[in-house]
Structures are given as C-alpha cells and as structure tokens.
Amino acid sequence: MGKNIISVKYGDSEFPHTFRGKDYCYYTNIKLNIGNLVEVPTVFGKKIAKVSRINIPQEEVSSITPYMKSVIRKIDTIRYLNFYEVKEDIS
C-alpha cells in the first residue's frame, strides 16, 4: 500500500475524548478508516487525533504537501477511550 493522505481532528484538551476543530492532513502507510484514532506529530509534540477523511486526492492538498508529516501509529480506540491508555492497535 502506498502513501495515502488523510485528515484528522485533534483531541480537545478541555473536553477529554472529543475531537473537533480544524482538519489537518497527514500521510500514512497504515490502513485507516474514518473514526480511527492515530498518534500524529505536531509543532507542540505528539497528539492523539481522530481520522475525519481518508483517500484525499493529492491535488486537493498540493499547496501544503511540503509541510505535511506522517501518522506515527494507529491507537487502540477502546483502550484509549475507556482507560486513557495510548496503546498501538496492531490489528
């Protein structure tokens, strides 16, 4: 699988387990679906984010591709939402 472009919404620091705000685009080699949780690099360090779009065409983000980073890993959603644990989802 080649690099795919997705968009995510970062976790809200005021309201735990909510993901809202602006969409941010990332590259990924991981098979993801809308609603999956991922760990992504930001200028403020690593953050947990929720996938909001998948399979974004390259042409749609051509102006920002030099600045785009890649998803670090897919997060186990159940462990994160129920126990606040950031564990990699290996499925």
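Refer to the structure above for everything that follows.
So, here's what we can say about the structure. (Residues numbered from 1 in each chain as written. Predicted model: local features only at pLDDT ≥ 70, side-chain atom pairs only at ≥ 80, totals over all residues. Heavy atoms only, no water.)

## Comments concerning the overall build of the protein chain
- A tally of regular secondary structure across the protein chain gives 1 helix and 5 strands.
- In the protein chain, the order of α-helices and β-strands from amino to carboxyl end is β-β-β-β-β-α.
- Here the C-alpha atoms of the protein chain give a radius of gyration of 13 Å, agreeing with the 12 Å that 2.2 N^0.38 yields for 91 residues.
- Each principal axis of the C-alpha distribution contributes one length, and for the protein chain these read about 40 × 30 × 20 Å.
- The buried share among the 91 residues of the protein chain stands at 34%.
- For the protein chain, contacts bridging at least 24 residues in sequence account for 55% of all contacts bridging at least 6.
- Summing over all exposed atoms, the protein chain offers an accessible surface of approximately 6000 Å²; the carbon and sulfur share of this is 52%.
- In the protein chain, which carries 14 positive and 10 negative side-chain charges, the distance between the mean positions of the two groups comes to 2 Å. (Helix = DSSP H or I, 4+ residues; strand = E, 2+ residues; numbered from the N terminus. Rg over C-alpha atoms; globule rule 2.2 N^0.38 Å. Buried < 20%, exposed > 50% of the residue type's maximum accessible area, 1.4 Å probe, protein only. Contact = heavy atoms within 4.5 Å. Areas by Shrake-Rupley, 256 points an atom, 1.4 Å probe, with all protein chains shown as cover. Lys, Arg positive; Asp, Glu negative; His and termini not counted. Charge placed at Lys NZ, Arg CZ, Asp CG, Glu CD.)

## Some remarks on the packing of aromatic side chains
- Under the defined criterion, the tally for this structure stands at 1 aromatic pair.
- Geometrically, the ring pair formed by Y10 and Y24 is stacked, given 4.5 Å between the ring centres and 15 degrees between the ring planes. Of this pair, Y10 sits in strand β1 (residues 4–10) while Y24 sits in strand β2 (residues 24–28); the two residues are 14 residues apart in sequence, bridging distant segments of the chain.
- Judged by its relative accessible area of 16%, Y10 is buried. (Phe/Tyr/Trp six-rings, centres within 6.5 Å; stacked < 30°, edge-to-face > 60°.)

## What to know about unusual backbone geometry
- Notably, H17 is not glycine yet its phi reads approximately 65 degrees, a positive angle.
- By secondary structure assignment, the location of H17 is in the loop between β1 and β2.
- On the basis of relative accessible area, H17 is assigned to the partly exposed category, the value being 27%.
- Even without being glycine, N55 reaches a positive phi, approximately 55 degrees.
- Mapped onto the elements, N55 comes out in the loop between β4 (45–53) and β5 (73–75).

## Observations concerning the nonpolar core
- Counting 10 residues, the largest nonpolar core is built from I6, V8, Y10, Y26, L32, V38, V40, A49, V51 and V71.
- When contributions to this core are tallied by element, the ones reaching two or more residues are β1, β3 (37–42) and β4.
- Among all residues touching V71, those that are not within four sequence positions of it are I6, Y26, Y27, T28, I30, V38, E39 and V40.
- Counting residues in hydrophobic clusters, the runner-up holds 6 residues, among them C25, I56, V61 and M68. (Core = buried A, V, L, I, M, F, W, Y, C linked by side-chain atoms within 4.5 Å.)

## Describing the pattern of salt bridges
- Evaluated as defined, the whole model comprises 6 salt bridges.
- Note that K74 and D89 form a salt bridge whose closest N and O atoms lie 3.8 Å from each other. You can see K74 sitting in strand β5 and its partner D89 sitting in the segment after α1 (77–83), a full 15 residues away along the chain.
- By relative accessible area, K74 is classed as buried at 11%. (Salt bridge = Lys/Arg side-chain N within 4 Å of Asp/Glu carboxyl O.)

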